[in-house]
Amino acid sequence: MFALLRRPSNHFHVLPLLRSRLLSSLTVTTTPSPPPPADPATLTSLILTSTDPRTLTQTLHCPTLHWTPQLVDQILKRLWNHAFKALHFFNILSHHPTYTHSLSSFDHAVDLAARLRDYKTVWTLVYRMKSLRLGPSPKTFAIIAERYVSAGKADRAVKIFLSMHEHGCRQTLNSFNTILDVLCKEKKVEKAYNLFKALGGKFKADVVSYNVIANGWCLMKRTNKALEVLKEMVDRGLDPNLTTYNLILKGYFRAGQTEEAWRFFLEMKKRKCEIDVVTYTTVVHGFGVVGEIKRARNVFDGMVKDGVLPSVATYNALIQVLCKKDCVENAILVFEEMLRKGYVPNSTTYNVVIRGLCHAGEMERAMEFMRRMKDDECEPNVQTYNILIRYFCDAGEIEKGLDLFEKMGSGDCLPNLDTYNVLISAMFVRKKSDDLFVAGKLLIEMVDRGFMPRKLTFNRVLDGLLLTGNQGLAKEILRLQSRCGRLPRQFKL
DNA sequence: CTAGGGTTAG
C-alpha cells in the first residue's frame, strides 16, 4: 500500500523487489553471460519492467533466444491488458534479424491495435501481413469487424466485410455468417437482418445464417421475432437442427418465458431430437436464475437417466444458481460431489464458488478457494481477482483489495478495465487524501495501459484530488485528459 | 472466428 503511494511513475505498481531483480538480469545480458530464459513468464516480466527500449531490443534479439510463434503468442496473451507494451514487444520482434511473425501473432497485434481504436496501426499491420503473404485471413477480418462494431461503427464493419476480396480474402458463406454474428452479438440485429435480406441469396444462406439471426433476436428478448425467422427458414426448405432448438430454449428463459421454455423442452424430448448436454445445461441454468431450484435439480438429476452426462459447464450452472438462490453450503456440496465423480473444475467453477462465498461474507474461505485453484493447475485469472477485490472493497477492507491488486501487477495476471474501475471507485469510500492520490495514480496507470476511463471517472477523480489538496496530481491528470481526449493514442510502428 | 450451454455488479 505505501509502496504504491511512493512509486513515482507509471510503473509504481510493480513491486520494488521484483523490479530490481529483473533490471539486474537485463543489464547482465549486455555482457557475455547466460542467455535469458525462454519461458513466457520470465520474458513477460522482462518486457514489463524494462525501461530502456534499446536494451530490451538487444535482449530480445539475442541470437541464443529461440523464438517460436507459440512463445510469441503466449507473451502477447499475457500482455493483453498492457496493450502498448504488447505492441511494443510485437514491434521489436518485427525487426528481428531472423524471426518472422506468424499469422496468429499478427492477428493478436491487429486485435490489440483495434481495441485501442488505433485504426491506422490496424491497417498498417494488415498491409504488412499482405506483403509477407501471411494474410489477412477471414479471422483477421472477423477481429477487425468485431472491434469496429463494438466501437459503434457497425456500418464501417459491414463495408470492410464487403471489401474483403480487395485484400485478397475471399468472401464465403462462412465469412458472411461471421459478419452477421458479429452484428447480432453487439445487438445490431436490425442491421444484420437487413444485410441478410440483401445478400442471403448471393451467399446461399444456410441454417447457420438463420440461427445467427434468430439468436440475435433472442438476445434482444424478442423470442417471437426469432420464431418468425425460423418459420421463414422452414418455408425455404431448410431444417432446424439441435442448435436451433437450443437457442430458442435459451431465448425463452432469457425473456422470462419460463413455462414456454419448459413446454418447449418437453416437446424436444418427445420429438426425440436427441437433446444433448447443452439443452440440459440451458434448462438447469434457466430454472435456477428464476429461483426454481427444485426444478433445476430435478432436471440435473434426470439427465443421467436420459443417458446424457453433465459437463463441467452443467456443474458450473448448478453451482452458480445454488449460490445465488439457495445457499453457498449446498453449492459447495455439489462442488465436492463433482470432484468425487472425477470432474476437473475449471476457473469458472472456482470463480462461481468464490463469488458465492464472498457474497455470503466468507472472505477468508473465498481466499482459501483461490489458493486451492493453484493446486488444481488452475491459476486465478483476472475475474478471480476482480471478484475478491470488489468484495473486499465493498466490505471496507480496502487494504486487502489493494494487496490483491499488487499481487496481480507482479504476477502473470494483469489488471483489466474492470479492475481499475472497481478500485478507483473504492478509493472514494474513506474520503482520505491518500486514497484519492492512489485513485489518481490508478487513473494514470490505466491510460498508460490502453484503457480509456469514462469521462465521469476523470471528473470524479479530479474533484476528489482538488478537494483533498492534491493539486499537483490533479494538474497531471488534466493534461492527460486533454491529451487523450477522444482521440486514441497512436502506436508508433 | 460459420451457429447453441457456466463467471460480473447495480
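Just above, that's the structure.
Predicted model only: the values in this text are computed from it and were never measured.

I'm lost on the pattern of salt bridges in this one. Help?
When charged atoms on two side chains of opposite charge get close, those side chains can pair. Inspection of every chain in the model, using the stated rule, returns 20 salt bridges. The residue arginine 78 makes a salt bridge to aspartate 412 at a minimum N-O spacing of 3.8 Å. One end of the pair, arginine 78, is in helix H5 (residues 69-78); the other, aspartate 412, is in the loop between helix H24 (398-410) and helix H25 (417-426), with 334 residues separating them in the sequence. Residue classification places arginine 78 among the partly exposed positions, given a relative accessible area of 25%. Relative accessible area serves as the criterion here: at 47%, aspartate 412 is assigned to the partly exposed category. Between glutamate 259 and arginine 295 there is a salt bridge, and its shortest N-O distance comes to 3.0 Å. You can see glutamate 259 sitting in helix H16 (residues 258-270) and its partner arginine 295 sitting in helix H18 (residues 293-305), a full 36 residues away along the chain. Assessed through its relative accessible area of 36%, glutamate 259 is described here as partly exposed. Of the residues examined, arginine 295 reaches a relative accessible area of 21% and is grouped as partly exposed.

Is there a simple way to think about H24 in this case?
Given 3.6 residues to a turn, an α-helix orients residues that are three or four positions apart in the same direction. For H24, which comprises 13 residues, the first-to-last C-alpha distance of 19 Å matches the rise-based estimate of 18 Å (1.5 Å per residue) to within 8%. Those residues of H24 not exposed but buried are Ile398, Gly401, Leu402, Leu404, Phe405, Glu406, Met408 and Gly409.

So what exactly am I meant to see when it comes to the packing of helix H6 (residues 83-94) against helix H7 (residues 103-115) here?
Angle between the axes and distance between the axes are the two parameters that describe a pair of packed helices. Closest axis-to-axis distance for the H6/H7 pair is 10 Å, and the angle between their directions is 145°. Crossing hand, H6 versus H7: left-handed. Along the contact surface, H6 presents Ala83, Ala86, Leu87 and Phe90, while H7 presents Ser105, Phe106, Ala109, Leu112, Ala113 and Arg115.

Would you mind showing me how to read the nonpolar core here?
Across soluble globular proteins, nonpolar side chains have a tendency to be buried as a group. Of all hydrophobic cores here, the largest spans 162 residues; its most connected members are Trp67 and Phe89. In this view, tryptophan 67 contacts Leu43, Leu60, Val72, Ile75, Phe89, Leu93, His96 and Tyr99; residues no more than four positions away in its chain are not counted.

Help me out: how do you make sense of the protein's contact with DNA strand B in this one?
Taken together, the neighbourhood of DNA strand B is formed by 36 residues, with Ala142, Asn246, Asn316, Arg355 and Arg390 sitting nearest. Taking asparagine 174, its main chain carries an N or O atom lying 3.4 Å from a sugar or linking oxygen of DNA strand B. Only helix H9 (138-150), helix H11 (173-185), helix H13 (207-219), helix H15 (242-254), helix H17 (277-289), helix H19 (312-325), helix H21 (347-359) and helix H23 (382-394) provide two or more residues apiece to the surface near DNA strand B. Here the residues of the surface near DNA strand B sort into nine nonpolar, 19 polar and eight charged.

Can you help me understand the environment of alanine 366 in this one?
Looking at the secondary structure, you find alanine 366 in helix H22 (residues 363-375). What makes alanine 366 buried here is its relative accessible area of 0%. Along the chain, alanine 366 and threonine 55 lie 311 residues apart, while their C-alpha atoms are 42 Å from each other. Setting aside residues no more than four positions away along its own chain, alanine 366 makes contact with Ile354, Leu357, Cys358 and Leu388.

Which parts of the structure should I look at to understand helix H3 (residues 40-49)?
The element H3 is extensively covered by neighbouring structure, given that eight of its 10 residues are classed as buried. Those residues of H3 not exposed but buried are Pro40, Leu43, Thr44, Ser45, Leu46, Ile47, Leu48 and Thr49.

Which parts of the structure should I look at to understand the environment of aspartate 376?
For aspartate 376, the position within the fold is in the loop between H22 and H23. Separated by 50 residues in the primary sequence, aspartate 376 and aspartate 326 have C-alpha atoms spaced 26 Å apart. Here tyrosine 350 takes part through its side chain, which lies 2.3 Å from a polar atom of the side chain of aspartate 376.

Would you mind showing me how to read the packing of aromatic side chains here?
Think of a pair of aromatic rings as described by two things: how far the centres are apart, and how the planes are tilted against each other in angle. Within this structure, the stated rule accounts for 21 aromatic pairs. Centre to centre, the rings of phenylalanine 335 and phenylalanine 369 are 5.5 Å apart; their planes meet at 70°, and the pair counts as edge-to-face. In this pair, phenylalanine 335 sits in helix H20 (residues 328-340) while phenylalanine 369 sits in helix H22, placing the two residues 34 residues apart along the sequence. Through a chain of ring-to-ring contacts, three or more aromatic side chains come together here, namely Phe253, Trp262, Phe265, Tyr280 and Phe287. Geometry around phenylalanine 428 places arginine 460 over its ring, the cationic atom sitting 4.2 Å from the centre.

Explain a positive patch on the surface to me, please; I cannot follow it from the model alone.
Taken together, the side chains of Arg117, Lys153, Arg156 and Lys159 make up a positively charged region of the molecular surface. Residue placement: arginine 117 occurs in the loop between H7 and helix H8 (119-131). According to the relative accessible area criterion, arginine 117 is partly exposed, its value standing at 44%.

Definitions and cut-offs
Residues numbered from 1 in each chain as written. Chains lettered and ligands numbered in written order. Predicted model: local features only at pLDDT ≥ 70, side-chain atom pairs only at ≥ 80, totals over all residues. Heavy atoms only, no water. Salt bridge = Lys/Arg side-chain N within 4 Å of Asp/Glu carboxyl O. Helix = DSSP H or I, 4+ residues; strand = E, 2+ residues; numbered from the N terminus. Buried < 20%, exposed > 50% of the residue type's maximum accessible area, 1.4 Å probe, protein only. Expected span 1.5 Å × (residues − 1). Axes fitted to C-alpha atoms, helices over the stretch in contact; angles between N-to-C directions. Left-handed = near helix turned anticlockwise from the far one by under 90°. Contact = heavy atoms within 4.5 Å. Core = buried A, V, L, I, M, F, W, Y, C linked by side-chain atoms within 4.5 Å. Near = heavy atom within 4 Å. Polar contact = N/O pair within 3.5 Å; in protein donor to acceptor, adjacent residues only side chain to side chain. Nonpolar A, V, L, I, M, F, W, Y, C, P; charged D, E, K, R; others polar. Phe/Tyr/Trp six-rings, centres within 6.5 Å; stacked < 30°, edge-to-face > 60°. Lys NZ or Arg CZ within 6 Å of the ring centre and 35° of its normal. Patch = residues over 30% accessible without salt bridge, like charges linked within 9 Å, V, L, I, M, F, W, Y side chains within 5 Å. Areas by Shrake-Rupley, 256 points an atom, 1.4 Å probe, with all protein chains shown as cover. Lys, Arg positive; Asp, Glu negative; His and termini not counted. Charge placed at Lys NZ, Arg CZ, Asp CG, Glu CD.

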